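Each chain, written out:
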Amino acid sequence: MNQPINHLVIAGRDAPLWLAAATLARALSPSGLRVTVVELPAKAGPGDLHASLPALEALHNQLRLDERGLLSRVGGAYTLGWNFADAAGAVPAFLHPFGAFGSPIAGQDFFPYWLRARRHGMSVPLEDFSLTAAAARQGRLFIPDGESEQYGRSDYGYHLPAQPYATVLKELAIRAGVGVVSARDLSAMRQGGLITALRLEDGRLVEGDFFLDLTGTDALLIAGPDNGVETWDFPTDRVLTARGPRLTHLPPYAEVRGFDQGWIALRPAQSGTYLTAVWRSGPGEQDVLRRLPSLCGFVPGDAVGRSSVPGLRARAWDGNCVALGAAAVRLDPLHDLDLLVLQQGLVHLLAHFPRHRGFAAARVEYNRLTQAHFTHLRDFQTLHYHLARHAGPFWDAARELPLSADLFHRVCLFRARGDLVPWEEDDLPPDSWRAFLAGHGLMPDSVSPVTDLVPAEELKARLRAMLGFVKDRVLQQPDHDAYLRGD
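Note that the structure is a prediction, hence the values are computed from the model and not measured. (Residues numbered from 1 in each chain as written. Predicted model: local features only at pLDDT ≥ 70, side-chain atom pairs only at ≥ 80, totals over all residues. Heavy atoms only, no water.)

1. Points about the overall build of the protein
Broken down by element type, the protein carries 15 helices and 22 strands. Oriented by its inertia axes, the alpha-carbon framework of the protein measures out at about 75 × 50 × 50 Å. Counting across all 487 residues of the protein, residues that qualify as buried make up 57%. Long-range contacts, defined as pairs at least 24 residues apart, comprise 77% of the intrachain contacts of the protein with a sequence gap of at least 6. Carbon and sulfur atoms make up 51% of the accessible area of the protein, which amounts to about 19900 Å² in all. (Helix = DSSP H or I, 4+ residues; strand = E, 2+ residues; numbered from the N terminus. Buried < 20%, exposed > 50% of the residue type's maximum accessible area, 1.4 Å probe, protein only. Contact = heavy atoms within 4.5 Å. Areas by Shrake-Rupley, 256 points an atom, 1.4 Å probe, with all protein chains shown as cover.)

2. Considerations on the nonpolar core
Ile10, Leu198, Phe210, Leu212 and Leu324 are the most contacted members of the largest nonpolar core, which has 146 residues in total. Per-element accounting of this core gives the leading share, 10 residues, to helix α1 (residues 14-28). Setting aside residues up to four positions removed in sequence, Leu212 forms contacts with Leu8, Val9, Ile10, Ala11, Leu24, Leu221, Val322, Leu324 and Leu349. If you look at the next biggest cluster of nonpolar residues, it comprises 13 residues, including Phe259, Leu266, Leu292 and Cys296. (Core = buried A, V, L, I, M, F, W, Y, C linked by side-chain atoms within 4.5 Å.)

3. Quick notes on the packing of helix α9 (residues 338-352) against helix α10 (residues 360-387)
With their axes 10 Å apart at the nearest point, α9 and α10 run at an angle of 160 degrees to one another. With respect to each other, α9 and α10 are oriented roughly antiparallel. The interaxial crossing formed by α9 with α10 has right-handed handedness. Between α9, through Leu340, Val341, Gln344, Gly345, His348, Leu349 and His352, and α10, the contact on the second element is made entirely by Ala362, Glu365, Tyr366, Leu369, Thr370, His373, Phe374 and Leu377. (Axes fitted to C-alpha atoms, helices over the stretch in contact; angles between N-to-C directions. Parallel < 35°, antiparallel > 145°, perpendicular 65-115°, else oblique. Left-handed = near helix turned anticlockwise from the far one by under 90°.)

4. Details of the packing of aromatic side chains
On inspection of all chains with the given rule, the structure shows 25 aromatic pairs. On the numbers, 6.1 Å between centres and 45 degrees between planes, the contact of Tyr78 with Tyr158 is tilted. Placement of Tyr78 in strand β4 (residues 77-79) and of Tyr158 in strand β7 (residues 157-161) is noted, with a sequence separation of 80 residues between them. Take Tyr78 and Tyr158: they sit in the same class, and that class is buried. Residues Phe210 and Phe359 carry aromatic rings whose centres are separated by 5.8 Å and whose planes lie at 85 degrees to one another, so their mutual orientation is edge-to-face. One end of the pair, Phe210, is in strand β12 (residues 210-214); the other, Phe359, is in the loop between α9 and α10, with 149 residues separating them in the sequence. Ring-pair connections join several aromatic residues into one group, and the members of that group are Trp82, Phe84, Phe94, Phe98, Phe380, Trp423, Trp433 and Phe436. If you follow Arg68 out to its NZ or CZ, it ends over the ring of Tyr483, 4.0 Å from the centre. (Phe/Tyr/Trp six-rings, centres within 6.5 Å; stacked < 30°, edge-to-face > 60°. Lys NZ or Arg CZ within 6 Å of the ring centre and 35° of its normal.)

5. Brief notes about the pairing of strand β9 (residues 186-191)
Within a regular strand, the side chains alternate between the two sheet faces. With 6 bridges joining them, β9 and strand β10 (residues 194-200) adopt antiparallel strand pairing. Paired with Leu186 across the two strands is Leu200, which belongs to β10. Remark: 2 residues form the turn of the hairpin made by β9 and β10, two consecutive strands paired antiparallel; Gly192 in that turn has positive phi of roughly 60 degrees. (Pairing = 2+ DSSP bridges.)

6. Digging into the sheet that holds strand β6 (residues 94-97)
If you walk across this open sheet you meet the 7 strands as β6-β5-β15-β16-β17-β14-β18, and the pairing is mixed. Every interior strand has two partners, whereas the edge strands, β6 and β18 (301-307), have only one. Between one strand axis and the next, the sheet turns through 20 degrees on average, direction left out of account. The sheet contact formed by strand β14 (residues 238-244) and β18 spans 5 bridges and is antiparallel. Bridged to Arg238 within β18 is Ser307. On the sheet, helix α13 (residues 430-439) packs against β5 (81-86) and β6 and is oriented at approximately 170 degrees with respect to β6.

7. Quick word on the pattern of salt bridges
Working definition: two side chains of opposite charge can pair if their charged atoms are close together. Tallying each qualifying case throughout the model produces 31 salt bridges. A salt bridge links Arg184 to Glu201; its shortest N-O distance comes to 3.8 Å. A residue pair is termed long-range when its members are at least 10 positions apart, and Arg184 in the loop between β8 (179-182) and β9 and Glu201 in the loop between β10 and β11 (205-207) qualify at 17 residues. The shortest N-O distance in the salt bridge between Asp431 and Arg434 comes to 3.4 Å. You can see Asp431 and its partner Arg434 sitting in helix α13, 3 residues apart, about one turn around the helix. Taken individually, Asp431 and Arg434 each receive the classification buried, so the pair is uniform in this respect. Beyond isolated ion pairs, a larger network of salt bridges with shared partners links Arg13, Lys43 and Asp218. (Salt bridge = Lys/Arg side-chain N within 4 Å of Asp/Glu carboxyl O.)

8. Examining helix α4 (residues 110-119)
Structural remark: α-helix, 3.6 residues per turn; residues separated by three or four positions point the same way. Within α4, 8 of the 10 residues are buried, which leaves the element mostly enclosed by the surrounding structure. Among the residues of α4, those classed as buried are Phe110, Phe111, Pro112, Tyr113, Trp114, Leu115, Arg116 and Ala117. Between the side-chain oxygen at the start of α4 and the backbone nitrogen of Phe111 there is a gap of 3.0 Å, and the oxygen is on Asp109. Phi turns positive, to about 105 degrees, at Gly121, one or two residues after α4. (Polar contact = N/O pair within 3.5 Å; in protein donor to acceptor, adjacent residues only side chain to side chain.)

9. Quick notes on the packing of α1 against α9
One can describe the packing of α1 onto α9 by two numbers: an axis separation of 11 Å at closest approach and a directional angle of 25 degrees. If you check the angle between α1 and α9, you find them roughly parallel. Handedness of the α1/α9 crossing: right-handed. In this structure, α1 contributes Pro16, Leu19, Ala20, Thr23, Leu24, Ala27 and Leu28 to the contact, and α9 contributes Leu339, Leu342, Leu346, Leu349 and Leu350. Here the residues of the contact of α1 with α9 sort into 11 nonpolar, 1 polar and no charged. (Nonpolar A, V, L, I, M, F, W, Y, C, P; charged D, E, K, R; others polar.)

Here it is as structure tokens:
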């Protein structure tokens, strides 16, 4: 029971492996814990890219990664959010920014006041009140300062080509003292329900006290007959990643385009334009592949096709092994959530990391927390398929998919009065949900009566002032390409 945990063994591949190893080594090595990585052959190809949400910036800061140096080395770029569009132009586009909408009015949240003004004839889109959205539309970054932070939150993420990003993280982990063992394959040796060692393809053994599975969907350590994956009902099951030429001017956002058979995402970076195409397998697959050049505007190169079956593992922490990333949960490719779920797993693991073998209570709580967080991320993705107004049989079927009880409740309350049911295990800010709900055309039936306490003329003046502030501040921001060059 009191046997100490002195040796952590992490098995996996590609950037998620090295991001986890560098994070845990920096956090836990000062306590005397030894960290060894068993590195499997890479699966990420030249057409793969990691797109991040703003949370990754904080982790990079903790790892002392120089942001601009990293982007220069890997050929990456910044991103201020996603632009959701219709390939046929039949549905209005909207930008989901990494930032807040507006400033509080009379001490209350901005959103209900925007709803009230809209009911009285104001036609200004919600995104026009966002500093990050307005900057993105003009090809600029938004660098927050004290004055803009008083107005509202402004964040950004990254577009990081997968192969060079993994190289940078591996170097970082090795400098942090991580030991590295290379292997082509491995299997877990167990005794009494616990892993005692990893047996490599050549017979070598890597012994340890605690193990992490970052082998992706292979789940070589965590999978078992009683620890499988509960698949989730999504309309997609095929994904293709590829790369095209660099855009002359890099927009500081990704674009997601819906078409009648699925959707594509274009993520610009200095090293090229990275494509993700997602659809449902069946008789029309070859038609999707033939249409890709016209949908994305270039002939895709370095293309790799994979299956996409979202789902949640029964137990992310089983025995003395914790699965992180895709070994624990498989999300839809939409919204670029893979690095976020890895970070969430790391955050909860560090909060519950055991120093002795008596970790049953920590294991139960870790599994409860991660399952709740990952389920709500699934709900956020489900919302897109439920609300998107693209035409075609793919989207007709997607809109009929069932909603979880939590998501159904959240959608109903928003539709009734514009409120969001608070979820304790929610990794996305309320403005992300509002951007999606309003962007897809779902408007509340009523507005909070508290907004009536602000006279109409005062409200108009406040909104005009906000729009003027956004315009002035955005015009002061650097061009995305110039900032990447260091001009």
